[in-house]
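# Structural overview
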Amino acid sequence: TSLVLFVCTGNTCRSPLAEYLFRHQLAQRLDLSPAELEAAGYLVQSAGTLGYAGAPASAGSLTELHRRGLDGRPHRSQGLTVELIHQAERIYALSNEHLAAVLALVPAAADRVSLLDEAASVQDPIGGTGDDYARAAEQIEHAVTARLEEYLNEDSDW
């Protein structure tokens, strides 16, 4: 099983957006339903560096997912753990702080962790306007699309 992990602060705004968008795009590319991905050996999860567990995705993130035809209501936050980092084949951090947090827990993960958007950290929209969430979602969606191509091509790049 291959785990792709997205990491932000509280696991309620940015990383759930990335998780749901990546899962949706991966399922489309592999011609599977999101539910069938796990049976096919693909796990997509997200976690937060603050370690909150059980919180739903923020209203703004749910709205942005809904706009894209996705239901983020099942999401519950989980804290970033050493175990999750060890399990993950790829880890995408939503900001430089999150990247540093992953490496502080597991320095050996350096070859598996990178910024989701190499050009810029995704600003935290928490407590912000709908526009803040829309901007974050758009940036995440573009980055997820690029990373999905990389992820799918990794196996054929040797």
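In this report, the structure presented in the accompanying data block is examined. Counting starts from 1 at the beginning of each chain's written sequence and moves along it residue by residue. In keeping with the model being predicted, local features are shown solely for residues with a pLDDT of at least 70 and side-chain atom pairs are shown and tallied solely at 80 or more, while totals for entire chains, interfaces and linings include all residues. Heavy atoms from the whole structure form the basis of all side-chain values; hydrogens and water molecules are not counted.

## Notes on the packing of helix H3 (residues 59-67) against helix H6 (residues 130-154)
An axis is simply a line fitted to the C-alpha atoms; with a helix, the fit covers only the stretch in contact. Between two such axes, the angle follows the N-to-C directions and lies from 0 to 180 degrees. Going along the chain from the N terminus, every DSSP run of H or I of four or more residues is numbered as a helix, and every run of E of two or more is numbered as a strand. The interhelical angle for the contact between H3 and H6, taken along N-to-C directions, is 55°, at an axis separation of 9 Å. Classed by the angle they form, the pair H3 and H6 counts as oblique. You can see that H3 and H6 cross each other, and the crossing is right-handed. Residues Gly60, Ser61, Glu64 and Arg67 of H3 form the contact with H6, whose participating residues are Gly130, Tyr133, Ala134 and Ala137. Here the term charged refers only to Asp, Glu, Lys and Arg, the term nonpolar to Ala, Val, Leu, Ile, Met, Phe, Trp, Tyr, Cys and Pro, and the term polar to all other amino acids, Gly among them. The class makeup of the residues in the contact of H3 with H6 is three nonpolar, three polar and two charged. These descriptions rest on fixed angle ranges, namely under 35 degrees for roughly parallel, over 145 for roughly antiparallel, 65 to 115 for roughly perpendicular, and the rest for oblique. If you view the pair so one helix is near and one far, a crossing is left-handed when the near helix is turned anticlockwise from the far one by less than a right angle, and right-handed when it is turned clockwise. Residue contacts are defined here by distance: any two heavy atoms, one from each residue, within 4.5 Å place the two residues in contact.

## Observations regarding the nonpolar core
To form a nonpolar core, buried Ala, Val, Leu, Ile, Met, Phe, Trp, Tyr and Cys residues must be joined to one another through side-chain atoms within 4.5 Å. Note on classification: 1.4 Å probe, protein chains only; a residue is buried when its accessible area is under 20% of the maximum for its type, exposed when over 50%, partly exposed between these limits. Counting residues in hydrophobic clusters, the biggest one holds 25 residues, and the most contacted among them are Phe6, Phe22, Leu26, Leu94, Leu116, Ile140 and Val144. At the level of elements, strand E1 (2-8), helix H1 (14-30) and H6 are the ones that each hand at least two residues to this core. The next biggest cluster of nonpolar side chains, apart from the first, holds 16 residues, and it includes Leu5, Val7, Leu84 and Val113.

## Some words on the sheet that holds strand E4 (residues 113-115)
Spatial strand order, E2-E1-E3-E4: four strands in an open sheet with parallel pairing. Strands with a single pairing partner mark the edges of an open sheet, and in this sheet they are strand E2 (42-48) and E4. Going from strand to strand, the sheet's axes swing by 20° on average, the running direction of each strand aside. Strand direction decides the pairing type here: strand E3 (residues 88-93) and E4, joined by three bridges, are parallel. Across the sheet, residue Ala93 finds its bridge partner in E4, namely Leu115. Of the strands in this sheet, E1, E2, E3 and E4 are in contact with H6, which crosses E3 at around 160°. Two strands pair under a simple rule: DSSP has to find at least two bridges between them.

## Points about H6
Look at H6: 35 Å from first C-alpha to last across 25 residues, which is about the 36 Å you get at 1.5 Å a residue. Within H6, burial applies to Tyr133, Ala136, Ala137, Ile140, Ala143, Val144, Arg147, Leu148 and Tyr151. Every helix has an expected span of 1.5 Å times one less than the residues it contains.

## Examining the environment of Tyr42
Within the secondary structure layout, Tyr42 lies in strand E2. Put simply, Tyr42 and His98 are 56 residues apart on the chain and 23 Å apart in space, counted from C-alpha to C-alpha.

## Section: the side chain of Ser2
Among the structural elements, Ser2 can be located in strand E1. At a separation of 2.7 Å, a polar atom in the side chain of Ser2 contacts the side chain of Tyr151. Those residues in contact with Ser2 that sit more than four places away from it in its chain are Gly41, Tyr42, Leu43, Glu89 and Tyr151. In protein, a polar contact means a hydrogen-donor-capable atom and an acceptor-capable atom, both N or O and within 3.5 Å, with residues adjacent in sequence counting only if both atoms are side-chain atoms; elsewhere, any N or O pair within 3.5 Å suffices.

## Re the pattern of salt bridges
Salt bridges are counted wherever a side-chain nitrogen of Lys or Arg sits within 4 Å of a carboxyl oxygen of Asp or Glu. One pass over the full model with this rule turns up 10 salt bridges. A salt bridge links Arg23 to Glu19, with the shortest nitrogen-to-oxygen separation between them at 2.5 Å. You can see Arg23 and its partner Glu19 sitting in helix H1, four residues apart, about one turn around the helix. Between Arg67 and Glu64 there is a salt bridge, and its shortest N-O distance comes to 2.5 Å.

## Side note on the packing of aromatic side chains
For this analysis, a ring pair means two rings from Phe, Tyr or Trp (six-membered ring only for Trp) whose centres lie within 6.5 Å, classed as stacked if their planes differ by under 30 degrees, edge-to-face if by over 60, and tilted for the remaining angles. Across all of its chains, the model carries four aromatic pairs by this definition. Geometrically, the ring pair formed by Phe22 and Tyr151 is edge-to-face, given 5.8 Å between the ring centres and 65° between the ring planes. Here Phe22, found in helix H1, pairs with Tyr151, found in helix H6; they are 129 residues apart in sequence, far enough to count as distant. Each member of the pair Phe22 and Tyr151 is classed as buried. Chaining the aromatic ring pairs together yields one cluster made of Phe6, Phe22, Tyr42, Tyr92 and Tyr151.

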